[in-house]
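Next come the chains, spelled out residue by residue.
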Protein chains: 2
Amino acid sequence: MKPKINDVAKAAGVSPTTVSRVLNNRGYISKETRENVYRAMKEVNYYPNELARSLYNKRTNLIGLVVPTTSNPFFGELTFHIENICTSLGYKVLLCNSLNRIDKEEKYSEMLLRNQVDGVIVGTHNRGILHYHKQNLPVVAIDHYLSETIPVVGSDNYSGGKMATELLIEKGCQYIVHLGGPRELETPANFRRKAYEDIMKKYGRLPITYEIPNTFDPQIQQKVIEKLFCEHPQLDGVFASDDLIAASVLAEANKRGKAIPNDLKVIGYDGTETGQTLLPQLTTIQQPIDLIAKTAIDILLKKVAEEFEELPHETRLAVKLLERKTT
Amino acid sequence: MKPKINDVAKAAGVSPTTVSRVLNNRGYISKETRENVYRAMKEVNYYPNELARSLYNKRTNLIGLVVPTTSNPFFGELTFHIENICTSLGYKVLLCNSLNRIDKEEKYSEMLLRNQVDGVIVGTHNRGILHYHKQNLPVVAIDHYLSETIPVVGSDNYSGGKMATELLIEKGCQYIVHLGGPRELETPANFRRKAYEDIMKKYGRLPITYEIPNTFDPQIQQKVIEKLFCEHPQLDGVFASDDLIAASVLAEANKRGKAIPNDLKVIGYDGTETGQTLLPQLTTIQQPIDLIAKTAIDILLKKVAEEFEELPHETRLAVKLLERKTT
DNA sequence: CTGAAAGCGCTTACAG
DNA sequence: CTGAAAGCGCTTACAG
């Protein structure tokens, strides 16, 4: 059997109460007793049972993290940063990959509730959100509007969309199309499209947006891209809403013998480490992934601590244009 | 306050025992009572506290997952598959990104123990392994030899290394170098190098291996690659031990005006979805990431269930050559 | 078919 | 400075 606090107490010749106090640095303990208890813990190889502690304390130090999938480099990196920062602050991360599927999102939110997480960071649309509200669990969203009371953290999507579109125009593109996420989802990422449309209009151009379903299915993305090239052979500029889509556009252009950047200029969004290593030629808008993670956690932990200083409902973090060879 | 089992009991006019039995489908319960209890759970918005259940049952259905970082596409995809399969089997995943750092690995293993995980899947060298042994916690390793008793799952590294090297030779490369992980780490991935060296010798060539530290630091990788090109200007074939490194080799070749594949042929390892989307030109050896995840979980859960049927100490899953344009 | 009681492994208020 | 007792929210063996 695993040693319990009682075993430590016996080995140290004290009561469980005393062991607990040593463990939690609470109340006065003579130095001698303290050292004796530590020795006993080593001796019996004791690891405190966090389940029991959490049950009593009503605090697990567990954070639920819901992303579409860590397979996507943006979310893989975001997950890394979130977990890393959480750990440095004494929190643990329960990971959920929802693939943006409603059924999975609902099951995850119930699971997180049952497991008594102290808070949740949500990077999906999460329609299971009702569960959270009912239990008023602290929640912070990344790039999604979930409700009036849930803070949103993300990159400055409007600026990013503006920079991308302006760059293509400056570079002389005459026929620029945007490949974006589904319009009906309420996410600040739609500001990338809004900026694109605003800038296009400002320059007297006709904005054309193709929607890519948020299923992370390369097949489906491929279909949309082929359609785009078929329907707009005059195409000479593409602003893609993420780097993977931009890469697929490059591949399609290559297949059709369009030279990059002469015949066609392409700019992406995200600027992940992985993207920069695997496709360093791609011009893109870089999101500050580490800062997004840090900001989301900061806000979440303030809610957990019930510090009701006015929390910003939306935080838009500065993006950076990485100008490379595809524009 | 959150509703507890007692609140449900009151709302249903039964005892907590009965509610618990409904919850766990245990013993005989009249249909009427059962429905009444369900109604009461809905009514008071009840979510069972898994902490309390786990404390009693001595089973958390929690799996610890330790990877270097989900930022790396191989581990990002592996993490996705592991979490996904775990969820489908009723398990939850506590995520740990160790960055291959000893200090972090040790803290994580203690944390996982304290949190009473049912088992651990380790994709790092994990020198905190002692902790696990002491508590004899079920562990499965991915591509790492941790101890005699810990099953290892991975791709067939030797075959992969052999296929890669043979391809470069077939394609006429005269001067082939291998970029591999650090030799001192005991990982089956070293069979990639072993295969490279064996095949080179078989063809009367001199094997040359450069070691890349496993720190996931692009700067350091860059340095090694520059050194490689400086010291071996005759270089016309590279077998890189992962796709990110292969991409950096391509970038360096490009910088030096070496044409791909004419002047230099490059093959990578991993063949992730992300890699195929961002760098579809790259020839590589594809690991069956989903199968690795599935196999590791299968074995782990058998250990958790204490089914001591002979478990294979090492499982080598078939790889696939994806021949593209860089060779 | 259902309930009262004990216990999972901790922590803390209270008493000494 | 230290201990005995009650309680965190469940589950199950036992009794009825």
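Since the model is a prediction, treat every value here as computed from it, not as a measurement. (Residues numbered from 1 in each chain as written. Chains lettered and ligands numbered in written order. Predicted model: local features only at pLDDT ≥ 70, side-chain atom pairs only at ≥ 80, totals over all residues. Heavy atoms only, no water.)

Around DNA strand D, the surrounding shell holds 24 residues, and the nearest of these are Thr18, Thr33 and Lys58 of chain A together with Lys4 and Ser20 of chain B. Near-protein atoms of DNA strand D (within 4 Å) split between backbone and bases, with sugar and phosphate holding 67%. Between a base nitrogen of DNA strand D and a side-chain N or O atom of Thr17 of chain A, the distance comes to 2.7 Å. A distance of 3.0 Å separates a base nitrogen of DNA strand D from a polar atom in the side chain of Arg21 of chain A. Sorting the residues of the surface near DNA strand D by element identifies α2 (16-24) and α4 (50-57) of chain A together with α2 (16-24) and α4 (50-57) of chain B as the ones contributing at least two each. (Near = heavy atom within 4 Å. Polar contact = N/O pair within 3.5 Å; in protein donor to acceptor, adjacent residues only side chain to side chain. Helix = DSSP H or I, 4+ residues; strand = E, 2+ residues; numbered from the N terminus.)

With that out of the way, let us pick up the state of the cysteines. In total, this model carries zero disulfides over all chains according to the counting rule given. The thiol sulfur of Cys96 of chain A is not disulfide-bonded, and the nearest other cysteine sulfur, from Cys86 of chain B, lies at 12 Å. Taking relative accessible area as the criterion, Cys96 of chain A reaches 0% and is therefore assigned buried. (Disulfide = S-S within 2.5 Å. Buried < 20%, exposed > 50% of the residue type's maximum accessible area, 1.4 Å probe, protein only.)

Here we come to the domain arrangement of chain A. Domain assignment breaks chain A into domain 1 (5-48), domain 2 (59-154 + 290-316) and domain 3 (157-287). Just the C-alpha atoms count here: the centres of domain 1 of chain A and domain 2 of chain A sit 36 Å apart. (Domains from an automatic or database assignment.)

This part covers the relation of the copies chain B and chain A. Superposition of chain B onto chain A requires a rotation of 180° combined with a translation of 0.0 Å along the rotation axis, giving an RMSD of 0.0 Å. In the structure described here, the two chain copies are related by an operation that fits a two-fold rotation axis. Closest approach to the rotation axis among the C-alpha atoms of chain B is made by Leu94 of chain B, whose C-alpha sits 2.4 Å away. Both copies contact each other with a shared surface, as 100% of the interface residues of chain B are interface residues in chain A too. (Least-squares fit on C-alpha atoms with pLDDT ≥ 70 in both. Contact = heavy atoms within 4.5 Å.)

Enumeration according to the criterion identifies two aromatic pairs over all chains in this entry. The interplanar angle of 80° and the centroid separation of 5.0 Å between the aromatic rings of Phe74 of chain A and Phe75 of chain A together place this pair among those described as edge-to-face. For the pair Phe74 of chain A and Phe75 of chain A, a shared accessibility class is recorded, and that class is buried. Lying over the aromatic face of Tyr269 of chain B, Arg192 of chain B brings its terminal NZ or CZ to 3.7 Å of the ring centre. Just above the ring of Phe191 of chain B sits the side chain of Arg316 of chain B; from NZ or CZ to the centre is 4.9 Å. (Phe/Tyr/Trp six-rings, centres within 6.5 Å; stacked < 30°, edge-to-face > 60°. Lys NZ or Arg CZ within 6 Å of the ring centre and 35° of its normal.)

What follows is about the pattern of salt bridges. All names here are of chain A. Counted according to the given criterion, the structure contains 34 salt bridges over all chains. Residue Glu197 is joined to Arg183 by a salt bridge in which the shortest nitrogen-to-oxygen separation is 3.1 Å. Taken together, the positions of Glu197 in helix α9 (residues 190-202) and Arg183 in the loop between β6 (176-180) and α9 put the pair 14 residues apart, joining distant regions of the chain. On the accessibility criterion, Glu197 (15% relative accessible area) is buried. (Salt bridge = Lys/Arg side-chain N within 4 Å of Asp/Glu carboxyl O.)

Residue and element names in this part refer to chain B. The residue Gly119 is located in strand β3 (residues 119-122) in this model. Its relative accessible area of 0% is what places Gly119 among the buried residues. Along the primary structure Gly119 and Leu300 are separated by 181 residues, whereas in three dimensions their C-alpha atoms are 6.8 Å apart. When neighbours within four sequence positions are excluded, Gly119 is seen to be in contact with Leu62, Ile63, Gly64, Leu137, Pro138 and Leu300.

All names here are of chain B. An order of β7-β6-β8-β9-β10-β12 is seen for the six strands of this open sheet, with the pairing classed as mixed. The sheet is open, and its two borders are formed by β7 (208-211) and β12 (320-322), each paired with just one other strand. Across the sheet, the mean angle separating the axes of adjacent strands is 20° when strand polarity is ignored. Where strand β8 (residues 237-240) lies against strand β9 (residues 265-270), three bridges are found, and the strand directions are parallel. In the strand pairing of β9, Val238 is matched with Val266. In the packing of helix α11 (residues 243-255) onto the sheet, the strands contacted are β6 (176-180), β8, β9 and β10 (283-286), and the crossing angle to β9 comes to about 160°. (Pairing = 2+ DSSP bridges. Axes fitted to C-alpha atoms, helices over the stretch in contact; angles between N-to-C directions.)

Accessible area lost when the parts come together is the quantity often used to give the size of an interface. At the junction of the two partners, chain B supplies 57 residues and chain A supplies 57 residues. In total, about 5,100 Å² of surface goes out of reach between chain B and chain A, with carbon and sulfur atoms giving 59% of it. By the criterion of area lost to chain A, the three top residues of chain B are Tyr47, Leu51 and Leu278 of chain B, representing 15% of everything that side buries. Here chain B and chain A share two salt bridges between them. For Glu50 of chain A, the salt bridge identified is with Arg114 of chain B, shortest N-O distance 3.2 Å. Inspection of the chain B/chain A interface yields 20 residue pairs in polar contact (both at pLDDT 80 or more). Those elements that provide at least two residues to the side of chain B that touches chain A are α4, α5 (73-88), β2 (92-97), α6 (102-114), α7 (129-134), α11 and α12 (273-278) of chain B. With eight residues, α5 of chain B is the largest single contributor of residues to the side of chain B that touches chain A. The residue inventory of the side of chain B that touches chain A, partitioned by class, reads 22 nonpolar, 21 polar and 14 charged. Bridge count for strand β2 (residues 92-97) of chain A against β2 of chain B is two bridges, and the pairing is antiparallel. (Buried area = accessible area lost by both parts, 1.4 Å probe. Nonpolar A, V, L, I, M, F, W, Y, C, P; charged D, E, K, R; others polar.)

Looking now at helix α1 (residues 5-12) of chain B. Residues and elements named next belong to chain B. When we look at burial in α1, the residues that qualify are Val8, Ala9 and Ala12. Taken down its axis, α1 places every buried residue within 100° of arc, on the same side. Looking at the buried residues of α1, the elements they touch are α2 and α3 (31-44). Directly after α1, the chain includes Gly13, whose backbone phi takes a positive value near 70°. (Arc of directions from axis to C-beta.)

Our next topic: the protein's contact with DNA strand C. The immediate surroundings of DNA strand C are formed by 24 residues, with Lys4 and Ser20 of chain A together with Thr18, Thr33 and Lys58 of chain B found nearest. Restricting attention to atoms of DNA strand C within 4 Å of the protein, one finds that 66% of them are sugar or phosphate atoms. One of the side-chain N or O atoms of Ser15 of chain B is found 2.9 Å from a phosphate oxygen in DNA strand C. At 2.5 Å, a side-chain N or O of Lys58 of chain B approaches a phosphate oxygen of DNA strand C. Of all elements in the fold, only α2 and α4 of chain A together with α2 and α4 of chain B reach the threshold of two or more residues within the surface near DNA strand C. In terms of residue count, the dominant contributor to the surface near DNA strand C is α4 of chain A (four residues). Among the residues making up the surface near DNA strand C, the classes are represented as nine nonpolar, 10 polar and five charged.

On to the nonpolar core. Leu179, Val238 and Val249 of chain A together with Leu179, Val238 and Val249 of chain B are the most contacted members of the largest nonpolar core, which has 76 residues in total. Setting aside its immediate chain neighbours within four residues, Val249 of chain A contacts Leu179, Ile225, Phe229, Val238, Leu264 and Val266 of chain A. With 52 residues, the next largest nonpolar core counts Leu95 of chain A together with Phe74, Val93 and Leu301 of chain B among its residues. (Core = buried A, V, L, I, M, F, W, Y, C linked by side-chain atoms within 4.5 Å.)

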